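# Inside the fold
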Amino acid sequence: EPEVTQTPSHQVTQMGQEVILRCVPISNHLYFYWYRQILGQKVEFLVSFYNNEISEKSEIFDDQFSVERPDGSNFTLKIRSTKLEDSAMYFCASSVDRGLSGAFFGQGTRLTVV
Amino acid sequence: QQQVKQSPQSLIVQKGGISIINCAYENTAFDYFPWYQQFPGKGPALLIAIRPDVSEKKEGRFTISFNKSAKQFSLHIMDSQPGDSATYFCAATSGSSGSRLTFGEGTQLTVNP
């Protein structure tokens, strides 16, 4: 069964450092997303990406964040200068259409900023 | 108006019982309502979903009931099993919203043997 894969599973970084979280969406999907989940809280939308550009972003997705699809398979989230409050699980998701037939999530990357 | 309210926060059910989780929304533009199941340390997994043109959808032991006029929808898990113990999130999205999912706060379900 096709799945969304994310690497690494756990990343520890020092405050102020840049991190890149990587995702390989399901191959025939066209819409890509990043969500985050702070421990014990609900899943929050960060950004959606379609046709090589951001289609929507939340208020969380400020200038510290960027996304890129550097090749035909990878989808990355970059945090330029990490803050303690960026510590969370980051989930990549993909969908074949505008989410109206379900978005499929990866296993997540646990980011710990120390 | 973008919020989805979910209750209860936690639920304990005996094996074989019925688990019921409720959600309410405000945004009438929402037109797709999925439920996700999440086990500890894993990503949310799509469980079942419904569109507002039907009042009920059933897949195996899982049923979504949808009340468009009340802007509420619920997940029913029949014959609950210990393996169903997980966190359940309702969500909502619309084609006009850029397909972002708005999640509820989550319900931690424990099914006792």
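First, a word on what this report is: a plain description of the structure on this page. Since the structure is predicted, the reported quantities are computational estimates derived from the model, not experimental observations.

## Some points on the overall build of chain B
Across its full length, chain B holds zero helices and 11 strands. Taken from N to C terminus, the helices and strands of chain B fall in the order β-β-β-β-β-β-β-β-β-β-β. If you line up chain B on its principal axes, its C-alpha atoms span 45 × 30 × 20 Å. Across the 113 residues that make up chain B, the buried fraction comes to 49%. Put simply, 53% of the contacts in chain B that link residues at least 6 apart link residues at least 24 apart. For chain B, the accessible surface area stands at approximately 5,200 Å², while carbon and sulfur atoms represent 49% of it. Within chain B, one finds 10 positive and 8 negative side-chain charges whose respective centroids are separated by 3 Å.

## A look at the sheet that holds strand E8 (residues 75-79) of chain A
All names here are of chain A. The strand order E1-E3-E8-E7 describes an open sheet built from four strands, whose pairing is antiparallel. Each edge of the sheet is formed by a strand with only one pairing partner; in this case those strands are strand E1 (5-7) and strand E7 (65-68). Across the sheet, the axes of successive neighbouring strands diverge by a mean angle of 20°, strand direction being ignored.

## Overview of the nonpolar core
In this structure, Val4, Phe33, Trp35, Phe73, Leu75 and Tyr88 of chain B are the most contacted members of the largest nonpolar core, which totals 24 residues. When contributions to this core are tallied by element, the ones reaching two or more residues are strand E2 (10-14), strand E3 (19-25), strand E4 (33-38), strand E5 (45-50), strand E7 (62-67), strand E8 (72-77), strand E9 (86-92) and strand E11 (107-112) of chain B. The element that contributes the greatest number of residues to this core is E9 of chain B, accounting for four residues. Setting aside anything within four residues of it in sequence, one finds Leu75 of chain B in contact with Ser19, Ile20, Ile21, Trp35, Leu47, Ile48, Phe62, Thr63, Ile64 and Tyr88 of chain B. With 22 residues, the next largest nonpolar core counts Cys23, Leu46, Val47 and Val113 of chain A among its residues.

## Focus on the state of the cysteines
All names here are of chain A. Across all of its chains, the model carries two disulfides over all chains by this definition. Covalently, Cys23 is tied to Cys92 through a disulfide, its sulfur atoms 2.0 Å apart. Disulfide Cys23-Cys92: the torsion about the S-S bond is -60°, which places it as left-handed. Here the residue Cys23 occupies a position in strand E3 (residues 19-24), and Cys92 occupies one in strand E9 (residues 88-95), the gap between them amounting to 69 residues.

## Structural notes on a nonpolar patch on the surface
Residue and element names in this part refer to chain B. Among the surface-exposed residues, Ile18, Ile20 and Met78 lie close enough to one another that they form a single nonpolar patch of about 240 Å² accessible area. When you line up the elements, Met78 lands in the loop between E8 and E9. A relative accessible area of 35% places Met78 in the partly exposed class.

## Notes on the packing of aromatic side chains
Overall, the coordinates contain 23 aromatic pairs over all chains when judged by the stated rule. Seen in terms of ring centroids, Tyr35 of chain A and Phe103 of chain B are 5.8 Å apart; in terms of plane orientation they differ by 85°. Their pairing is edge-to-face. Residue Tyr35 of chain A is located in strand E4 (residues 31-37), and its partner Phe103 of chain B is located in strand E10 (residues 102-103); the two belong to separate chains. Looking at Phe103 of chain B, the relative accessible area reads 1%, which means it is buried.

## Things to note about the interface of chain A and chain B
Contacts between the two partners involve 24 residues from chain A and, on the opposite side, 23 residues from chain B. Counting each side, the surface lost to burial between chain A and chain B is near 1,900 Å², with a carbon and sulfur contribution of 51%. There are one salt bridge connecting chain A and chain B. For Arg100 of chain B, the salt bridge goes to Glu56 of chain A, with nearest N and O atoms at 3.0 Å. In this structure, the connection of chain A to chain B is made through five residue pairs in polar contact (both at pLDDT 80 or more).

## Here we look at the sheet that holds strand E6 (residues 56-59) of chain B
All names here are of chain B. Ordered in space as E1-E3-E8-E7-E6, the five strands form an open sheet in which the pairing is antiparallel. In this open sheet, the two strands that pair with only one neighbour each are strand E1 (4-7) and E6. This sheet shows a mean twist of 15° between the axes of neighbouring strands, independent of strand direction. Pairing between E3 and E8: six bridges, direction antiparallel. Bridge pairing in E8 links Cys23 to Phe73.

Parameters at a glance
- Residues numbered from 1 in each chain as written.
- Chains lettered and ligands numbered in written order.
- Predicted model: local features only at pLDDT ≥ 70, side-chain atom pairs only at ≥ 80, totals over all residues.
- Heavy atoms only, no water.
- Helix = DSSP H or I, 4+ residues; strand = E, 2+ residues; numbered from the N terminus.
- Buried < 20%, exposed > 50% of the residue type's maximum accessible area, 1.4 Å probe, protein only.
- Contact = heavy atoms within 4.5 Å.
- Areas by Shrake-Rupley, 256 points an atom, 1.4 Å probe, with all protein chains shown as cover.
- Lys, Arg positive; Asp, Glu negative; His and termini not counted.
- Charge placed at Lys NZ, Arg CZ, Asp CG, Glu CD.
- Pairing = 2+ DSSP bridges.
- Axes fitted to C-alpha atoms, helices over the stretch in contact; angles between N-to-C directions.
- Core = buried A, V, L, I, M, F, W, Y, C linked by side-chain atoms within 4.5 Å.
- Disulfide = S-S within 2.5 Å.
- Patch = residues over 30% accessible without salt bridge, like charges linked within 9 Å, V, L, I, M, F, W, Y side chains within 5 Å.
- Salt bridge = Lys/Arg side-chain N within 4 Å of Asp/Glu carboxyl O.
- Phe/Tyr/Trp six-rings, centres within 6.5 Å; stacked < 30°, edge-to-face > 60°.
- Buried area = accessible area lost by both parts, 1.4 Å probe.
- Polar contact = N/O pair within 3.5 Å; in protein donor to acceptor, adjacent residues only side chain to side chain.

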